[in-house]
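Architecture and fold: a report
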Amino acid sequence: MSRNDKRFLANIIEIVIGAVLLVLGIIGIIDEFWTGMGTALIVVGMLMFIRQIRYRTNEDFKEEMDIREKDERNRYIAMKAWSWAGYLFVMLAAVGTILMKILGQETIMMVLSGSVCVILVFYWVSYMILQKKY
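This section reports on the structure supplied with the text. Given the structure is predicted, the values throughout are model-derived calculations rather than measurements. (Residues numbered from 1 in each chain as written. Predicted model: local features only at pLDDT ≥ 70, side-chain atom pairs only at ≥ 80, totals over all residues. Heavy atoms only, no water.)

Between its first and last C-alpha, helix 4 (residues 72-102) extends 45 Å over 31 residues, near the 45 Å set by a 1.5 Å rise per residue. Buried residues along helix 4 sit against helix 5 (106-133). G104 sits one or two residues past helix 4 and shows a positive phi near 80°. (Helix = DSSP H or I, 4+ residues; strand = E, 2+ residues; numbered from the N terminus. Expected span 1.5 Å × (residues − 1). Contact = heavy atoms within 4.5 Å.)

If you want it as structure tokens, here you go:
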């Protein structure tokens, strides 16, 4: 099974799971959180499904996507975007931690500070692994 076939199948499974969650929510077995999650899965699954069909039927689109996926410059930009997102998340969560402490929102403060700690542990472990690998 090719990578594109796996993506196609994953999109179908995503739509089916979304439909099941939506139906279960409508008949009252699960709460509205899961109904919303099901709707989101259906929408995302359909968009990705349409994209896969376009990839299979439009040669220009297929070539453009293949270049995007394999281009070194694009990979570099994607990695840079992830690093910026990580830095921004840590900084905003750290500032949010301080603000929530000042405002007396202990639960939110703990979630924000915990997420900063988790991200920093992930970074440290990743750094150690990559340092040995390279």
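One way to put it is that helix 2 (residues 32-57) packs onto helix 3 (residues 59-70) with a least axis distance of 6 Å and a crossing angle of 105°. When the interaxial angle is binned, helix 2 and helix 3 end up roughly perpendicular. Judged by residue contacts, R51, R54, Y55 and T57 of helix 2 engage E59, F61, K62, M65 and D66 from helix 3. Residue composition of the contact of helix 2 with helix 3, grouped by class: three nonpolar, one polar and five charged. (Axes fitted to C-alpha atoms, helices over the stretch in contact; angles between N-to-C directions. Parallel < 35°, antiparallel > 145°, perpendicular 65-115°, else oblique. Nonpolar A, V, L, I, M, F, W, Y, C, P; charged D, E, K, R; others polar.)

What follows is about a nonpolar patch on the surface. Among the surface-exposed residues, F89, V118, I119, L120, V121, F122, Y123, W124, V125, Y127, M128 and I129 lie close enough to one another that they form a single nonpolar patch of about 1,200 Å² accessible area. It is helix 5 that contributes the most residues to the nonpolar patch, 11 residues altogether. Topologically, Y123 is positioned in helix 5. (Patch = residues over 30% accessible without salt bridge, like charges linked within 9 Å, V, L, I, M, F, W, Y side chains within 5 Å. Areas by Shrake-Rupley, 256 points an atom, 1.4 Å probe, with all protein chains shown as cover. Salt bridge = Lys/Arg side-chain N within 4 Å of Asp/Glu carboxyl O.)

Structurally, the position occupied by N11 is in helix 1 (residues 3-26). Here N11 falls in the buried class, since its relative accessible area comes to 8%. Contact partners of N11, with chain neighbours within four places excluded, come to G45, M48, F49 and Q52. (Buried < 20%, exposed > 50% of the residue type's maximum accessible area, 1.4 Å probe, protein only.)

Attention now goes to the packing of aromatic side chains. Under the criterion given, the structure shown has three aromatic pairs. Above the face of the F8 ring, R56 is positioned so that its terminal group lies 4.3 Å from the ring centre. (Phe/Tyr/Trp six-rings, centres within 6.5 Å; stacked < 30°, edge-to-face > 60°. Lys NZ or Arg CZ within 6 Å of the ring centre and 35° of its normal.)

Turning our attention to the pattern of salt bridges. Throughout the structure, instances matching the rule amount to four salt bridges. With its nearest N and O atoms 2.9 Å apart, the salt bridge here joins D5 to R56. Of this pair, D5 sits in helix 1 while R56 sits in helix 2, and the two are 51 residues apart along the sequence. On the accessibility criterion, D5 (32% relative accessible area) is partly exposed. When its relative accessible area of 40% is taken as the criterion, R56 is described as partly exposed. Measuring nitrogen to oxygen at the nearest pair gives 3.2 Å for the salt bridge that ties K101 to E106.

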